[in-house]
Amino acid sequence: MRRSAIPLIKNGHPWRAMAWPVLKWATVIGVLLGFGAGTLSMLSGNIISINGTAISGWYGVWSLTLALGIAGFLFGLIGALLVRAVGIAAEK
């Protein structure tokens, strides 16, 4: 009889517990990157362009922050689902 591979974690709890921090930190990093990039763009005198529409000032900063925050949330959601799937697979 063939011996199966030894699982790294015998129960899936550590993987499932890691799903929420992955989602949270991906969203926070997206918001911070958006705010940092928007602020530096505004301070250097550039105009943020979204779909050909020029957005300047703090409105541009917050638009970019929102856009990258949503992107970070979606990235974190995919990562959390993958981590949760590994946790469920580790239990079986």
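What counts as what
Note that residues are indexed from 1 along each chain, following the sequence as it is written. Residue-level local features of this predicted model are given only where pLDDT is at least 70; pairs of side-chain atoms are given and counted only at 80 or more, and the full residue set underlies all totals for whole chains, interfaces and linings. Note that the side-chain values use all heavy atoms of the structure and ignore hydrogens as well as water. In this text, helices come from DSSP runs of H or I with a minimum length of four residues, and strands from runs of E with a minimum of two, each type numbered from the N-terminal end. Across the chain, each position has a pLDDT score giving the predictor's confidence in that residue, from 0 to 100. To estimate how far a helix should reach, multiply one less than its number of residues by 1.5 Å. The buried label goes to any residue with under 20% of its type's maximum accessible area, the exposed label to any with over 50%, and the partly exposed label to all in between, with areas taken from a 1.4 Å probe on protein chains only. When checking whether two residues touch, look at their non-hydrogen atoms; a contact exists if any pair is within 4.5 Å. Residues qualify for a patch when their relative accessible area is over 30% and they have no salt bridge, like charges being joined within 9 Å and the nonpolar side chains of Val, Leu, Ile, Met, Phe, Trp and Tyr within 5 Å. Here the open area of atoms and residues is found with the Shrake-Rupley method and a 1.4 Å probe, where only the protein chains shown may cover a residue. The term salt bridge refers to a pairing of a side-chain nitrogen on Lys or Arg with a carboxyl oxygen on Asp or Glu at a separation within 4 Å. Working convention: axes come from line fits to C-alpha atoms, limited for helices to the stretch in contact. Angles between N-to-C directions cover 0 to 180 degrees. With respect to orientation, any angle under 35 degrees is reported as roughly parallel, any angle over 145 as roughly antiparallel, any angle of 65 to 115 as roughly perpendicular, and every other angle as oblique. It is the rotation of the near helix from the far one that decides the hand of a crossing: anticlockwise by less than a right angle makes it left-handed, clockwise makes it right-handed. Nonpolar residues are Ala, Val, Leu, Ile, Met, Phe, Trp, Tyr, Cys and Pro. Charged residues are Asp, Glu, Lys and Arg, and all others, Gly as well, are polar. UniProt positions are given in the numbering used here, feature names are shortened, and annotations may be inferred rather than shown by experiment.

Before going further, it helps to examine unusual backbone geometry. Within the chain, Asn51 stands out as a residue other than glycine whose phi angle is a positive 55 degrees. Its place among the elements puts Asn51 in the loop between β1 (48–50) and β2 (53–55).

Reading fine detail from the predicted coordinates is not recommended where pLDDT is low. Across the chain, the average pLDDT comes to 86, with 87% of residues at or above 70. The least confident element of the chain, judged by mean pLDDT, is helix α1 (residues 13–17) at 76; the most confident is helix α2 (residues 19–43) at 94.

This brings us to α2. Because an α-helix packs 3.6 residues into every turn, residues spaced three or four apart end up facing the same way. Over its 25 residues, α2 runs 36 Å from end to end, which matches the ideal 36 Å to within 8%, given 1.5 Å per residue. Inspection of α2 places Ala19, Leu23, Ala26, Gly30, Gly34, Gly38, Thr39 and Ser41 among the buried residues, and these make up the whole buried set. The secondary structure elements touched by the buried residues of α2 are α1, β1 and α3 (57–91). Directly beyond the C-terminal end of α2, a positive phi value near 90 degrees is found at Gly45.

Together, Trp25, Val28, Ile29, Leu32, Leu33 and Leu68 give the surface a local cluster of nonpolar side chains, amounting to about 580 Å² of exposed area. By residue number, the principal contributor to the nonpolar patch is α2, which donates five residues. Structurally, the position occupied by Leu68 is in helix α3.

Quick look at the packing of α2 against α3 now. Packed helices, taken two at a time, are described by the angle between their axes plus the distance between the axes. Put simply, α2 and α3 touch, their axes get as near as 7 Å, and they point 155 degrees apart. Taken as axis vectors, α2 and α3 run roughly antiparallel relative to one another. Of the two possible hands of crossing, α2 and α3 adopt the one that is right-handed. Residue classes in the contact of α2 with α3 are distributed as 19 nonpolar, 11 polar and no charged.

Given a rise of 1.5 Å per residue, 35 residues ought to cover 51 Å, and the 51 Å separating the end C-alpha atoms of α3 matches this to within 8%. All of the buried residues along α3 are Gly60, Val61, Ser63, Thr65, Gly69, Gly72, Gly76, Gly79, Ala80, Val83, Gly87 and Ala90. At its buried positions, α3 is contacted by α1, α2, β1 and β2.

Mapped onto the elements of the fold, Leu74 is located in helix α3. For the pair Leu74 and Leu23, spaced 51 residues apart in sequence, the C-alpha to C-alpha distance is 8.4 Å.

Moving on, we come to the UniProt feature "transmembrane region" (unreviewed entry) in the chain. In this structure's numbering, the residues bearing the UniProt feature "transmembrane region" (unreviewed entry) are residues 21–41 and 61–83. Between the C-alpha atoms that bound residues 21–41 there is a distance of 30 Å. The span itself is 100% helix and 0% strand. Along residues 61–83 one finds 100% helix and 0% strand; the C-alpha atoms at either end are 32 Å apart.

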